[in-house]
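Okay, here's what each chain looks like letter by letter:
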Amino acid sequence: MMIIQRVVLNSRPGKNGVPVAENFRLEQSTISDTIQDGQVCVRTLYLSVDPYMRCRMNEDTGSDYLLPWQLSEVADGGGIGVVEESKHNSFAKGDFVTSFNWPWQTMAILDGGLLQKLVPQLVDGRLSFFLGAAGITGLTALLGIKEKGHVSAGANQTMVVSGAAGACGSLAGQIGRLEGCTRVVGIAGTDEKCSILISEMGFDAAINYKKGHVAEQLRELCPGGVDVYFDNVGGDISDTVISQMNQNSHIVLCGQISQYNKDVPYPPPLPPEVEKIQKERNITRERFLVLNYMDKQEASILQLCQWIKEGKLKVRETVVEGLENIGVL
Ligand SMILES: NC(=O)c1ccc[n+]([C@@H]2O[C@H](COP(=O)([O-])OP(=O)(O)OC[C@H]3O[C@@H](n4cnc5c(N)ncnc54)[C@H](OP(=O)(O)O)[C@@H]3O)[C@@H](O)[C@H]2O)c1
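What counts as what
Residues numbered from 1 in each chain as written. Predicted model: local features only at pLDDT ≥ 70, side-chain atom pairs only at ≥ 80, totals over all residues. Heavy atoms only, no water. Axes fitted to C-alpha atoms, helices over the stretch in contact; angles between N-to-C directions. Helix = DSSP H or I, 4+ residues; strand = E, 2+ residues; numbered from the N terminus. Parallel < 35°, antiparallel > 145°, perpendicular 65-115°, else oblique. Contact = heavy atoms within 4.5 Å. Nonpolar A, V, L, I, M, F, W, Y, C, P; charged D, E, K, R; others polar. UniProt positions renumbered as here; feature names shortened; annotations may be inferred. Near = heavy atom within 4 Å. Polar contact = N/O pair within 3.5 Å; in protein donor to acceptor, adjacent residues only side chain to side chain. Areas by Shrake-Rupley, 256 points an atom, 1.4 Å probe, with all protein chains shown as cover. Salt bridge = Lys/Arg side-chain N within 4 Å of Asp/Glu carboxyl O. Pairing = 2+ DSSP bridges. Buried < 20%, exposed > 50% of the residue type's maximum accessible area, 1.4 Å probe, protein only. Phe/Tyr/Trp six-rings, centres within 6.5 Å; stacked < 30°, edge-to-face > 60°.

(A) Representation of the packing of helix α2 (residues 136-149) against helix α8 (residues 297-309) within the structure. The N-to-C vectors of α2 and α8 enclose an angle of 100 degrees; their axes lie 10 Å apart at closest approach. Taken as axis vectors, α2 and α8 run roughly perpendicular relative to one another. Seen from α2, the contacting residues are Gly-138, Leu-139, Leu-142 and Leu-143; seen from α8, they are Gln-297, Ser-300, Ile-301, Gln-303, Leu-304 and Trp-307. Residue composition of the contact of α2 with α8, by class: 6 nonpolar, 4 polar and no charged.

(B) Here's a closer look at the UniProt feature "domain: Alcohol dehydrogenase-like C-terminal" (unreviewed entry) in the chain. As annotated in UniProt, the feature "domain: Alcohol dehydrogenase-like C-terminal" (unreviewed entry) corresponds to residues 169-262 in the numbering used here. Taken end to end, residues 169-262 is 39% helix and 27% strand, and its first and last C-alpha atoms sit 22 Å apart.

(C) Geometry of the site of the ligand. Taken together, 21 residues surround the ligand, and among them Cys-168, Gly-189, Lys-193, Tyr-209 and Tyr-260 come closest. One of the backbone nitrogen or oxygen atoms of Ala-167 is found 2.8 Å away from an oxygen atom of the ligand. Within the backbone of Gly-189, an N or O atom sits 2.6 Å from an oxygen atom of the ligand. Taken by itself the ligand offers 920 Å² of open surface, and the protein chains cover 78% of this. When grouped by side-chain class, the residues that make up the shell around the ligand number 13 nonpolar, 7 polar and 1 charged.

(D) Looking closely at the pattern of salt bridges. Taken as a whole and judged by the stated rule, the model has 18 salt bridges. Among the ionic pairs, Asp-204 bridges to Arg-177, the shortest N-O distance being 2.7 Å. Taken as a pair, Asp-204 in the loop between α4 (191-199) and β10 (205-208) and Arg-177 in helix α3 (residues 167-179) lie far apart in primary sequence, 27 residues in all. Overlapping salt bridges bring together Arg-6, Arg-25 and Glu-27 as one network.

(E) Seen up close, the sheet that holds strand β7 (residues 116-117). Spatial ordering of the open sheet is given by β6-β3-β4-β5-β7, a layout of 5 strands whose pairing is antiparallel. The open sheet has two edge strands, β6 (107-111) and β7, and neither has a second partner.

(F) A look at the environment of Gly-176. Here Gly-176 shows up in helix α3. Take Gly-176: its relative accessible area is 0%, and that puts it in the buried class. With 58 residues separating them in the primary sequence, Gly-176 and Leu-118 have C-alpha atoms 27 Å apart. With near-sequence residues (within four places) excluded, Gly-176 lies in contact with Ile-145, Val-151, Met-159 and Cys-181.

(G) Summary view of the packing of aromatic side chains. Inspection of every chain in the model, using the stated rule, returns 4 aromatic pairs. Here Phe-24 and Trp-69 contribute two aromatic rings whose centre-to-centre distance is 5.9 Å and whose plane-to-plane angle is 75 degrees, an arrangement assigned as edge-to-face. Linking Phe-24 in strand β2 (residues 24-31) with Trp-69 in the loop between α1 (53-56) and β4 (76-86), this pair joins segments that are 45 residues apart in sequence. With respect to burial, Phe-24 and Trp-69 carry one shared label: buried. Connected via pairs of aromatic rings, a cluster forms that spans Phe-24, Trp-69 and Trp-104.

(H) Just the environment of Leu-270, in detail. With respect to the helices and strands, the residue Leu-270 is situated in the loop between β12 (245-253) and α7 (272-280). Overall, Leu-270 belongs to the buried group, its relative accessible area being 10%. Considering only alpha carbons, one finds Leu-270 and Thr-240, 30 residues apart in sequence, at a separation of 11 Å. Excluding its chain neighbours within four sequence positions, the residues that come into contact with Leu-270 are Asp-239, Ile-242, Glu-275, Gln-278 and Arg-285.

(I) Representation of unusual backbone geometry in the model. Look at the link from Tyr-266 to Pro-267: it is a cis peptide, with omega at -10 degrees. In this fold, Pro-267 is placed in the loop between β12 and α7. Positive phi values are uncommon outside glycine, yet Ser-72 reaches one of about 65 degrees. Looking at where Ser-72 falls in the secondary structure, it is placed in the loop between α1 and β4. Despite not being glycine, His-150 has its phi angle at roughly 50 degrees, a positive value. Note on placement: His-150 falls in the loop between α2 and β8 (158-162).

Here it is as structure tokens:
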């Protein structure tokens, strides 16, 4: 037996509770030192901590495609690691691999069928990008815009992005521009985030929603109204943006993070006065789930990697070292 460290769900925050680090527990465990045919022994390098995991902390996730984490059992999510030993034809020692269901533990024995091989050259060796800009996050931004944004070059469109300094949002604004939007405005929670969006990520303007009047600033910064709204947050911010959207405009309903600590259905219904605006102005607000577009994964990842290499897509990451610190994220 080999001794490993792992992180298990210690307690649930409750459907209306705010998660805390104590909801997780680091503990020692063991894995076998022999593997069976079809299995691969991996050492974990990177784990992704994402907003959807809040739903997995509930006994009932509210979604049929998300399984709840079980108390005292290891948590899992997007991860990357290196193969230490393989009894699966597709993998050899030293390969870098990824999975959507990577257990939060230092070493693991996984079924090779759950793994995908990574090509580090695609991201100049910056492996963690495969969990972000060159992974599900990048795919969400790119495919969200392509499938639901109706962006077309030459149409003089204004895009607004909420949660703009987050992983998806910062890419969505840049991709909106690359796809042809003429004006891109972000909404984020600090002045520092706003200034990075403008100076580094090429946004035309950014609004700090924790300061000042969002509706007024939006009117000033989007004088022609909003044509595409990439919505990561929902709630009051989205109500304000939707109220300033144009006739026949489009919402990319990416996520509603401001509602995840509340026991509400997904997507949460709009308040009646905002729903009235949405209907009268024929604003589309269709549910978007990146997992429904995995047939476009390969080509889209190549596109994202190319933009990253060309410096057209700027990437920032938050990386914390040590499995024992994962709960603070
Ligand atoms: N549809 C899909 O298939 C799909 C796939 C992946 C992700 N998503 C969704 O995409 C969204 C963003 O995910 P991500 O990976 O980019 O997460 P992230 O990097 O954690 O960014 C989320 C951002 O949201 C902001 N935020 C948090 N609470 C907020 C609140 N109450 N009001 C307003 N802003 C708030 C935070 O920034 P501030 O400091 O600016 O508040 C944070 O930067 C989430 O809603 C997620 O569920 C959807």
